[in-house]
Amino acid sequence: MDKKVKQLLRDLQQSTCYHIFYSFNDLERYLENAISYILSGIEQGDYVFVIENERIFPLLYKKIEPLLTKVQLDKIKHVNNFDFYCSNGDFHPPTIVAYFSNMLETYIEKNASIRTWAHVEWGDLQEITCKIEEFEQAANKAVQSMKIISVCAYDEDRLTESLKASLISSHEYTLTDSEIVRINN
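Residues numbered from 1 in each chain as written. Predicted model: local features only at pLDDT ≥ 70, side-chain atom pairs only at ≥ 80, totals over all residues. Heavy atoms only, no water.

The chain has the name MEDS domain-containing protein in an unreviewed UniProt entry, where Metabacillus rhizosphaerae is given as its organism.

In structure tokens, the structure reads:
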């Protein structure tokens, strides 16, 4: 993992709230970054919610399982990202944000420290840009109000330039496979 990304993870331990946009194009680097993020959270005592697809999560878990105890592994909560983003039948921002809030509510009430890693995916929907922009604005408010650290990961190949610009503007940091940049909004 890149030194800048590792430094961000150390810096995150000093904070309670960040919203990070991750645009990735290399699966192995993606897995490395996700593992470092998860391990950093576990070391800090966080519950880590990993919203990931059924193809990638087993790859991630296989690499992380030997590094953690059973108690630590129990702090990793997997949520199928298809169920998460399409629980209403399509990519529906109000439903997604409600699902997110409900999923974390019990942990927030117990003052548990939380971080999330969400691989954002969608089907072949038309007009997805407006829906994703709406979702990310609502997610940003939710992350701020819940005081959590959240990474929103997007496959670079699926992003138009206008969608990528919108995503950059709605996050505090932009992460790629090899670097991190703080956005001054």
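On we go.
## Some remarks on the pairing of strand E4 (residues 114-119)
In terms of burial, E4 is a largely internal element, 6 of the 6 residues being buried. Neither face of E4 is left uncovered, since the one carrying Ile114, Thr116 and Ala118 and the one carrying Arg115, Trp117 and His119 both have all their residues buried. Pairing of strand E2 (residues 47-52) with E4 involves 5 bridges; the strand directions are parallel. When the sheet's bridge partners are listed, Ile51 is paired in E4 with Ala118. Here E4 pairs with strand E5 (residues 149-155) via 5 bridges, running parallel. Residue Thr116 lies in a different strand from E5, and its bridge partner there is Ser150. (Buried < 20%, exposed > 50% of the residue type's maximum accessible area, 1.4 Å probe, protein only. Helix = DSSP H or I, 4+ residues; strand = E, 2+ residues; numbered from the N terminus. Pairing = 2+ DSSP bridges.)

## A few points about the pairing of strand E1 (residues 18-24)
In terms of burial, E1 is a largely internal element, 7 of the 7 residues being buried. Neither face of E1 is exposed, since Tyr18, Ile20, Tyr22 and Phe24 on one face and His19, Phe21 and Ser23 on the opposite face are all buried. Of the strand pairs in this sheet, E1 and E5 are connected by 7 bridges, and their pairing is parallel. Its bridge partner lying in E5, His19 is registered against Ser150.

## Remarks on the packing of aromatic side chains
The geometry of an aromatic ring pair is captured by the separation of the ring centres together with the interplanar angle, meaning the angle of the planes. Across all of its chains, the model carries 18 aromatic pairs by this definition. The cationic tip of Lys75 hangs over the ring face of Tyr47; the distance from NZ or CZ to the ring centre is 4.7 Å. Lying over the aromatic face of Tyr37, Arg115 brings its terminal NZ or CZ to 4.8 Å of the ring centre. (Phe/Tyr/Trp six-rings, centres within 6.5 Å; stacked < 30°, edge-to-face > 60°. Lys NZ or Arg CZ within 6 Å of the ring centre and 35° of its normal.)

## A short note on the sheet that holds strand E3 (residues 76-80)
Note on sheets: strands pair through backbone hydrogen bonds, and any given pair is parallel or antiparallel. On the basis of which strands lie adjacent, the open sheet formed by 7 strands has the order E3-E2-E4-E5-E1-E6-E7 and mixed pairing. Across the chains shown, the open sheet's two edge strands, defined by having one partner strand only, are E3 and strand E7 (180-182). Neighbour to neighbour, the strand axes of the sheet diverge by 15° on average, direction disregarded. Across 5 bridges, the pairing between E2 and E3 is parallel. What sits directly across from Val48, in E3, is Ile76. (Axes fitted to C-alpha atoms, helices over the stretch in contact; angles between N-to-C directions.)

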